[in-house]
Structures are given as structure tokens and as C-alpha cells.
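# An overview of the molecular structure
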Amino acid sequence: MAANPLLAEWSGPYGGVPPFDKVRVADFKPALEAAMAENRREIEIIASDTSPATFDNTIAMLERSGRTLTRVQAIFGVWSSTMASPDFQRVETEMSPKLAAFEDEINHDPRLFARVKAVYDSPDKAHLTPEQQRLVWVYYSGFVRQGAALEDAGKAAFSDCNQRLATLYIQFAQNELADEEGAALTLAHADLAGLPPSQIDAAAAEAERRGASGQWVIANTRSSMEPFLTYADRRDLREKGWRLWIKRGDNGDAHDNNRIVSEILVLRAKRSRLLGFKTYADWRLDDAMAKTPDHAMALMLAVWKPAVAQVHADVAEMQAIAGFKIEPWDYRYYAEKLRKAKYDLDLNAVKPYLALEHVREAMFASANRLHGFTFAKVDGVTVYHDDMVVYDVKNRAGEHVGLWYFDPYARPGKSSGAWMSAYRDQEKFERPVATLVSNNANFTKGRLGEAVLLSWDDARTMFHEFGHALHGLSSDVNYPSLSGTQVARDYVEFPAELNENYLSTPEVLALLVDAGGKPMPPDLIARIAKAHAFNQGFDTVELLASAIVDLQLHLQGEAPIDPHAFEKTALANLGMPSEIVMRHRIPHFGHIFAGETYAAGYYGYVWAEVLDHDAYEAFVEADNAYDPVVAKRLHDDILAVGNTVDPAKAYRAFRGRDAKVDAYLRDHGFPVST
């Protein structure tokens, strides 16, 4: 029998790369089972050691363990998010609860926890390096937060919750994906009024992909539906498309997520109570920058009031243009009309300068100027799809720091939206290991040979996700568990949001040229800058509504809720403008219900945005967005240190003080209290 390729050490150039070309779905289950068995043997050696526990024989040994499982899970995660065919989904459904049970098996081993606790409590800890002390804290707090200190009955109940949650997360994600892939808006030629040529071409290409040549299809994904809602003249079709989009996971059919949401919330509350926390939100924020739900909520409510006031002012002006009451499916359309009227800016005029290839090269140029990175396309590195391209990344000294994988296009089996992943974390534990990072998007391919033109928001999203990649590529730590983006959830978005600022710098805009090579005209650049704060009320309310409702959902106890009723009541109590819906309605809020990454933590986008604008003002104060002195502090104090330093201390080291909300409010055009 041939060896399972998923279990082999990664070989090839750049310290080894994932064997994507050898992956078969049938290999995942045996590979995961074999990797868990290997990790179990490694843990047994550590846990059964009878010598006194030390950093070297316990913590360092834990860092060495599970390497095969980490590699297999990295590829498993790639297939889950980008290649989720029906046969893979069956494996995912079977193996996810088993992986959760295995994680609990390790976390709940009393012998292992006793050794970790002994290192944590030992006076010898004071002689460790600051990074080693941080690693000890990460392991100890991680074990405690996952139930290691519970009695046996509590551990069993905790693990039961985790296994059931793992199944529910997969079901939620698969239901959301099914509604995105199974629904679309099919248009005839007469329905295309108002759409820019680039969107018409993309819709024609999507129709061809679906075997509907001669028609035009708007896919039920954000990158397709939001531009349609912005430009389509047909109000009835805008409403139809809007309802498709906001009803994902909420259609009362086999893919309905409402029951799943209710059960997830009950299990999370139960598990948190077992750990001694009043609510899941209290447990979740205990090791975050915000520390408590009250602190997170206070920040959001401070921003909510001026954002809502701005929405009401904008809607009044929009209704004067429309002549009727603005509904949610009208908002984006008439916002563009208002932008044109107030600033003589039609964002369609910007799209010819935002070809995907040009935006990518502008990202590279910005990263080179700010961080000293260079990007060179490489061949011979295996990829999982022909759409993917790979770049070798080097630092100012010409040293290889990692590979950047880019997967830009939508396709069946791929989750919607955009994200960054690390296939391998940087480390220097026993030998230098360079990171492998990826950025993923869901742009619709044009016809062969045609450039893919992005919206301004899409280009900003690319810079955002690339900011996560730069965070990973900048990492310079010893231990993989502290590497790159493995920081507090309400801190991890900070470097990504900071990088968004660089899209509108003159140095980047000069590189965004049209098909004829002509740069963006100065008057267009000036109008973009003048309209910078326009529609910030909408963007802020849309996001904040989701973040506030997320936190409120996780402040509930163990009583089941009706997601429909909860959403309606929560938004009414907030005074949600009727013209806007949450950016992520509860039944398709994958950030918080397709896993736990952002659960009770979606507020982190706003928290990190406060850090972002405050940090960018350091460059503004230096009168240079690429000031080398500030950039070095950003690298040394923020990007390179990963989770080796408490994030609040890291930020104070960079800025010389805690962040203030003033810069955020000014950027959004909201009043700053004095």
C-alpha cells in the first residue's frame, strides 16, 4: 500500500512545502487518525515523565509534539475552506468531533496539566527568558481555559459540549455554503441597466460557468451581490438579490441554521459555567485586550450614537434624491447617487484603475517601501488549484522569510469572503523555519484575457487581508505557539486594518493605472480623498450592529433562544435604522457560528480599528506614511513579536501611550468629544 502523502514531512524548496498535488480526500481520515495516534504517544512520554517538571522537559517538549498533526490539519483546513466537495464534507463531518475529543483528551490529562502547572508555579520561571515565560503562561492559561482544572465529571461534560459543538460548526458552515452556491440571481439583457461593463462581463462569465450562456448570473456572494445592489437600476431586482443574500441559512429548509444557532449558544453557556464564568462572553474576553464584555460594549456604544446620527442625516439626503422611503435594498444604490451629487465621485470611474493584477503589485510596492519585503513569483511549488499563484518573500537583507500563496477567485466548494491563513508558522526553536501564508478572495473571473476589475471596497479588503499576511511574514520569534498572528482576537485585526490606510497613499495610487497604462488623474484622486468619510455611518452601523448583537447573544444564559426574535428585539432596543441590516445576520454569521474564532469577539474589528487609526496617526505626525523610524517601531514592537509580549504593553511600546479613540472618530467624520 502506498504511504499516505499527508503524513510525510513536507519536502522540496523553501524548507518544504505542502504536497497539495498529492492530496486525495480519501487520505484525510487515515492521516488524521494516524497523526492523532502519534501525538498521543508524544504526550504520553511527557505526561509519564517522573522527573521534576521543567521548561525543557515539559513546555519545550509540548512545542515539539504534534508536528505531524499540525501539518495534516493545515491541509485539512485548506480543503475545508477552499475545496469543500461533497465527499470532503462527509469526512469533515465525521472527523471534526473526533478532533475536538482528541484535543480535550490532551487538555484534560491530569498528569500533563500537573507538570505544566508545576512549571508555571515554579520560582525557577523567573530565570527563563521573557519569551519563555510568556510561552509558559500561554500553555498554562490555555489548559485552564479548556477545563484542565475541572473534576472528572466536569471534564466529561466539557468534552461532550466540545464534540457536539464541533459537529454543529461544520453543519452551520455547510448550510451557509449551500445557500451561497445553491441560490443566484439570473438576469436577462434587459435587467442589466445601471451595471458597469466589468460587472456585466463577470456576470456573463459566471453564467457560462453555470452552463447558462446567453444569460447573466449574480452569484450569492458578497463580492458579486454588493456591487449589484450598488448599481442595478431595477429596484425589484435589487430587492430580490438582497433577499437572497440576507436570507442565507434562514429559509426554513434543510439548510436552515436557526436551530443550530440556538443549540450552539446553549452549549457555549454551559461550558463557560463549568469553568466558573457567568457567561460565554465573560470567558471569551478574559484573556483579550478588552478583558470584560462591559469594556467592549462601552467602546461600541460610544461609537454607535454618532454613527446612527450620520446614517439618519445621509438617509434624509438620499430620500430627497429618491423621492420615496429608502429600503435596505436601496441604500447602496442611492448612497452612490448621493456620493456623485456631493463629491462628483462615481466609484465606477475608479474601477478601471483597480485591475486585480495592478492592485496586487501596488500591495507589493507598499510592503516593500514600508517593510522592506520583495515578492518574486515562483514556479515549481505545488498548489491545490490552478488559480493559485505563489511568491517568494525576502526581507531588506535579501533573506527568505516565507512564501505568499494567493487564491483570488470564487468557485464551488470555496467559502465566500476573504481571509488569510498560515500553512506553517515562523519559528527559530530548534532551527529557523520560514512561514507559509496565504490570502484568499472570491472575485469573479472575467472572460479569458480580460482584466478583473475590483471595486474600491474590494481593493481595500485586499490590503486588509494582505496586512494579516505581512504580520505573519514579519514574525521573528523562537516558539511556533507565539508566532505571527497568534495574538489576542481583539488585537489580531489591528495590523490588517492599519494596512488598509496604504491603499489611498499617493505612492500606491500612482501605481494604479488603467488598461492603457495611464495613472489615476489627480482630480479623481482629490475627489476620492474629499469623499473619504462619506458613507462611514452605514459601514459603521452595519458592522457595529453585528458586533453588539454577537456580544449580547453570548451574554445569555443556558436557556434556548429564538434567533429571529432575539435579533428583532436587540436591534429595536439599539435603535437600528430601518434602512440597514446587520452585516452578518444571525443565521449566516459564520464568523461566530462556523467556529469560535470570532465568537463574542466580533467587536474586535472596532477595537482594532481604534488601534489602527491611532497608530497611523504616528505616521501622519511624522508627515510620511512610510516614515522609516515609525515603520521600524511598528516592526520591532508590533509585527515581529507575535504573542511574545502582552498586546497592551506592545502597543504602548510602539506609541508611547495607550490608544485613544479620537483618531478613529476623526477618520469616520464623527464628532470628537473634548
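Residues numbered from 1 in each chain as written. Predicted model: local features only at pLDDT ≥ 70, side-chain atom pairs only at ≥ 80, totals over all residues. Heavy atoms only, no water.

The subject of this paragraph is the pattern of salt bridges. A complete count under the given rule lists 53 salt bridges for this structure. Across the salt bridge formed by Arg111 and Asp109, the nearest N and O atoms sit 3.0 Å from each other. Between Arg238 and Asp330 there is a salt bridge, and its shortest N-O distance comes to 2.7 Å. With Arg238 in helix 10 (residues 235–246) and Asp330 in helix 14 (residues 328–343), the pair connects residues that are 92 residues apart, well separated along the chain. Here Arg238 and Asp330 have matching classes, each one buried. (Salt bridge = Lys/Arg side-chain N within 4 Å of Asp/Glu carboxyl O. Helix = DSSP H or I, 4+ residues; strand = E, 2+ residues; numbered from the N terminus. Buried < 20%, exposed > 50% of the residue type's maximum accessible area, 1.4 Å probe, protein only.)

The relative placement of two aromatic rings is captured by the distance of their centres and the angle of their planes. Within the structure shown, the criterion is met by 42 aromatic pairs. With a centroid separation of 5.5 Å and an interplanar angle of 75°, the aromatic rings of Phe28 and Phe88 are classed as edge-to-face. Placement of the pair is Phe28 in helix 1 (residues 25–47) and Phe88 in helix 4 (residues 86–107), with a sequence separation of 60 residues. Neither Phe28 nor Phe88 differs from the other in exposure class; each is buried. Ring centres 5.7 Å apart and planes at 85° place the aromatic pair Phe324 and Tyr334 in the edge-to-face group. Residue Phe324 is found in the loop between helix 13 (293–322) and helix 14, and its partner Tyr334 is found in helix 14; the two are separated by 10 residues along the sequence. Given a relative accessible area of 29%, Phe324 falls into the partly exposed group. Overall, Tyr334 belongs to the buried group, its relative accessible area being 11%. Above the face of the Tyr280 ring, Arg268 is positioned so that its terminal group lies 5.2 Å from the ring centre. Sitting over the face of the ring of Tyr598, Arg489 holds its NZ or CZ atom 4.6 Å from the ring centroid. (Phe/Tyr/Trp six-rings, centres within 6.5 Å; stacked < 30°, edge-to-face > 60°. Lys NZ or Arg CZ within 6 Å of the ring centre and 35° of its normal.)

This next bit is on the sheet that holds strand 4 (residues 389–394). A sheet is described by the order of its strands in space; here five strands give the open sequence 3-4-5-7-6, paired in mixed fashion. In this open sheet, the two strands that pair with only one neighbour each are strand 3 (374–378) and strand 6 (419–424). With direction set aside, neighbouring strand axes in the sheet form an average angle of 30°. Packing of helix 3 (residues 67–82) onto the sheet brings it into contact with strand 5 (400–409), strand 6 and strand 7 (435–443), and relative to strand 6 it is tilted by some 155°. (Pairing = 2+ DSSP bridges. Axes fitted to C-alpha atoms, helices over the stretch in contact; angles between N-to-C directions. Contact = heavy atoms within 4.5 Å.)

Backbone geometry at Ala600 places phi at a positive 55°, although glycine is not the residue there. Within the secondary structure, Ala600 sits in the loop between helix 22 (590–593) and helix 23 (604–621). What makes Ala600 buried here is its relative accessible area of 1%. The phi dihedral of Asp623 falls on the positive side, at around 60°, and the residue is not glycine. Examined against the element boundaries, Asp623 turns out to sit in the loop between helix 23 and helix 24 (628–639). You can call Asp623 exposed: its relative accessible area is 73%.

Ranked by internal contacts, the top residues of the largest apolar core, which has 158 residues, are Phe228, Phe375, Trp404, Leu512 and Phe593. Considering each element in turn, this core owes the most residues, 12 residues, to helix 13. Ignoring anything within four residues of it in the chain, the contact list for Phe375 reads Phe364, Ala367, Tyr391, Asp392, Val393, Trp404, Phe466, Leu470 and Leu473. Core analysis: the second largest hydrophobic core is formed by 56 residues, Phe55, Leu62, Val119 and Tyr140 among them. (Core = buried A, V, L, I, M, F, W, Y, C linked by side-chain atoms within 4.5 Å.)

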